[in-house]
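# Fold and geometry: a report
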Amino acid sequence: MTYAGRWEREADGPVVHRLQASHHTPWTGTALVRDVRLNQAGLELTAAGPDESLLRLRWRRADA
């Protein structure tokens, strides 16, 4: 999944991605809302899928 645009987050709230471009054309010009969790393990964004599934994206810090 690829998209580009600006994002914002209010204190302890979700991340809102305002899409200016996307390989999935219907998303261009829309806003995607993702819940965010940051802890020692890394960063996790989650959202509800179209079929009530849970979509999850995780980033971990690389070991030094």
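This section reports on the structure supplied with the text. This is a predicted model, so every value here is computed, not measured.

## Some details on the side chain of His-17
In this fold, His-17 is placed in strand β2 (residues 15–22). By relative accessible area, His-17 is classed as buried at 14%.

## Quick notes on the sheet that holds strand β5 (residues 54–59)
If you walk across this open sheet you meet the five strands as β1-β2-β3-β4-β5, and the pairing is antiparallel. Single-partner strands in this sheet number two, and they are β1 (3–9) and β5. Across the sheet, the mean angle from the axis of one strand to that of its neighbour is 30°, orientation sign disregarded. Here strand β3 (residues 31–39) pairs with strand β4 (residues 42–48) via five bridges, running antiparallel. Within β4, the position partnered with Asn-39 by the bridge is Gly-42.

Rules and cut-offs
Residues numbered from 1 in each chain as written. Predicted model: local features only at pLDDT ≥ 70, side-chain atom pairs only at ≥ 80, totals over all residues. Heavy atoms only, no water. Helix = DSSP H or I, 4+ residues; strand = E, 2+ residues; numbered from the N terminus. Buried < 20%, exposed > 50% of the residue type's maximum accessible area, 1.4 Å probe, protein only. Pairing = 2+ DSSP bridges. Axes fitted to C-alpha atoms, helices over the stretch in contact; angles between N-to-C directions.

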